[in-house]
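An overview of the molecular structure
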Amino acid sequence: MAAASRKPAPEPRKSRRFPLITRDTARPEGGGRAAPGDAPAPVRQWPLLTVMAGVGLGLLIVALDAFRAGTIVIGLSLLLGAALRWTLPDVGMLAVRSRFTDLLTYGGLGFAIVMLAMMAQPDPWLEVPFLEDVVHFTVR
C-alpha cells in the first residue's frame, strides 16, 4: 500500500536557457560517414583524404621549387573541398561546422590562395590595376 501512495517525482522545469554544463556536442550537418560503417576507415573518410592529398601534393610541388604551381594546387584542393561539402550529403570529418560556414571557409580561403598565387611576383599571371595605387596610398 505504501508503494501505491507514493507520488511520482515531478518533472524538472523546462527552461529556454542553455545549461551551465555542456554534456555533449552536436555533430555538424553532413558529419556522418561518407561510406557505410563496415567499410575501412580510409574509405569512410574519402572526402577529407582527397582534399588532404591535394594539399600534400601542392606542398610537395612547392618543395620542388615550383611555388606558383604548388600554391595553385593547394587553393584548388580547398575549392574542391568546398564543392564536396556543398554537393555531398555526408562528408565525414570534412564537415567541421555548419554547411554554410564550411563553404565560406573552404571556398574563401581556396579562392584567396589561388588569386594570391596568380599575383605573386616576379612576373605575375594576374595584374590588378588598382592594387599598386592602394599600396602606394597606404605605405607612402
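That block above? That's the structure.
Residues numbered from 1 in each chain as written. Predicted model: local features only at pLDDT ≥ 70, side-chain atom pairs only at ≥ 80, totals over all residues. Heavy atoms only, no water.

1. Section: unusual backbone geometry
Peptide bonds are trans in most cases, and residues, glycine excluded, mostly fall at negative phi. Convention followed: Strands are runs of DSSP state E lasting at least 2 residues, helices are runs of H or I lasting at least 4, and numbering of each runs from the N terminus. For each residue, the accessible area found with a 1.4 Å probe, counting protein chains only, is set against the maximum for its type, and the residue is called buried under 20%, exposed over 50%, and partly exposed in between.
A cis amide bond links Q121 to the next residue, P122, at an omega of -5°. Tracing the backbone through its elements, the reader meets P122 in the loop between helix 5 (99-119) and helix 6 (131-139). Unusually for a residue other than glycine, D65 sits at a positive phi of about 75°. Here D65 shows up in the loop between helix 3 (46-63) and helix 4 (67-87). We classify D65 as exposed; its relative accessible area is 72%. Within the chain, D123 stands out as a residue other than glycine whose phi angle is a positive 55°. Position of D123 relative to the elements: it lies in the loop between helix 5 and helix 6. A residue is classified by how much of its surface remains accessible, and D123, at 63% relative accessible area, is exposed.

2. So, the side chain of R68
Under the convention used in this document: Neither His nor the chain termini are counted; the positive set is Lys and Arg, and the negative set is Asp and Glu. The term salt bridge refers to a pairing of a side-chain nitrogen on Lys or Arg with a carboxyl oxygen on Asp or Glu at a separation within 4 Å. Here a polar contact is recorded for every N or O atom pair within 3.5 Å, except that within protein the pair must consist of a potential hydrogen donor and a potential acceptor, and residues adjacent in sequence are included only if both atoms are side-chain atoms. The contact definition used throughout considers only heavy atoms, calling two residues in contact when any of these lie within 4.5 Å.
Tracing the chain through its elements places R68 in helix 4. Comment: no salt bridge for buried R68; closest opposite-charge side chain is D123, at 6.4 Å. Reaching out from R68, the side chain makes a polar contact with the backbone oxygen of D123 at a distance of 3.3 Å. Not counting residues up to four positions away in its chain, the partners in contact with R68 are A117, M118, A120, P122, D123, P124 and W125.

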